[in-house]
Amino acid sequence: TIAITPSTIGINELINFYDLRIYPNPVTNKLNITSTGFNSESFSLEIINSLVEIVYSKNHLSNQNEFDLSSFSSGIYFLKIQNSSDQKIFKIIKE
């Protein structure tokens, strides 16, 4: 089981988690994720749908990442970003 504690962020909102930026939110096609801390540590990402299924995953994020969500159905998704010691989950809305 995956316990999800979401936090919602808005367009270009800065998160105090490795200087993380996730934008735009809501997203139509391309989701951007940037951070100044991704180069120094190994981070992974999972996108989880409302049925708690992992619909996308990627290891080793870079400082600037762009993800094409155009094929995703509209709805609420959870974005889980983690390294060996930290984990954070964000709610994103796909229009």
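Residues numbered from 1 in each chain as written. Predicted model: local features only at pLDDT ≥ 70, side-chain atom pairs only at ≥ 80, totals over all residues. Heavy atoms only, no water.

1. Re the overall build of the protein chain
Link 1 in the chain: Of the regular secondary structure elements, the protein chain holds zero helices and eight strands.
Link 2 in the chain: Along its sequence from the N terminus, the protein chain presents helices and strands in the succession β-β-β-β-β-β-β-β.
Link 3 in the chain: For the protein chain, restricting intrachain contacts to residue pairs at least 6 apart in sequence, the fraction spanning at least 24 positions comes to 51%.
Link 4 in the chain: Accessible area for the protein chain stands at about 5400 Å²; split by element, carbon and sulfur atoms hold 45% of it. (Helix = DSSP H or I, 4+ residues; strand = E, 2+ residues; numbered from the N terminus. Contact = heavy atoms within 4.5 Å. Areas by Shrake-Rupley, 256 points an atom, 1.4 Å probe, with all protein chains shown as cover.)

2. Structural notes on the pattern of salt bridges
Link 1 in the chain: Across all of its chains, the model carries one salt bridge by this definition.
Link 2 in the chain: Between K80 and E46 there is a salt bridge whose closest N-O contact spans 3.6 Å. Placement of K80 in strand 7 (residues 75–82) and of E46 in strand 4 (residues 44–48) is noted, with a sequence separation of 34 residues between them. The same class applies to K80 and to E46, which are both buried. (Salt bridge = Lys/Arg side-chain N within 4 Å of Asp/Glu carboxyl O. Buried < 20%, exposed > 50% of the residue type's maximum accessible area, 1.4 Å probe, protein only.)

3. Quick word on the pairing of strand 8 (residues 87–94)
Link 1 in the chain: Pairing between strand 7 and strand 8: eight bridges, direction antiparallel. Following the sheet pairing, F78 is matched in strand 8 by K91.
Link 2 in the chain: The antiparallel pairing of strand 7 with strand 8 creates a hairpin that spans four residues between the two strands. (Pairing = 2+ DSSP bridges.)

4. Concerning the nonpolar core
Link 1 in the chain: Of all hydrophobic cores here, the largest spans 18 residues; its most connected members are I22, I33, L45, L69, L79 and I81.
Link 2 in the chain: Within the residue set of this core, elements represented by two or more residues are strand 2 (20–23), strand 3 (30–34), strand 4, strand 7 and strand 8.
Link 3 in the chain: Per element, the largest residue contribution to this core is three residues, and it comes from strand 7. (Core = buried A, V, L, I, M, F, W, Y, C linked by side-chain atoms within 4.5 Å.)

5. What about the confidence of the model for the protein chain?
Link 1 in the chain: Averaged over all residues, the pLDDT of the protein chain equals 83, while 79% of them reach at least 70.
Link 2 in the chain: Taken as a whole, residues 8–15 scores under 50 in pLDDT and shows 20 contacts with residues more than four places along the chain or in a different chain. (pLDDT = per-residue confidence, 0-100.)

6. Considering the packing of aromatic side chains
Link 1 in the chain: Using the criterion set out here, one finds two aromatic pairs in the structure.
Link 2 in the chain: Geometrically, the ring pair formed by Y56 and F67 is edge-to-face, given 5.6 Å between the ring centres and 70° between the ring planes. One end of the pair, Y56, is in strand 5 (residues 54–59); the other, F67, is in strand 6 (residues 64–68), with eleven residues separating them in the sequence.
Link 3 in the chain: Given a relative accessible area of 32%, Y56 falls into the partly exposed group. (Phe/Tyr/Trp six-rings, centres within 6.5 Å; stacked < 30°, edge-to-face > 60°.)

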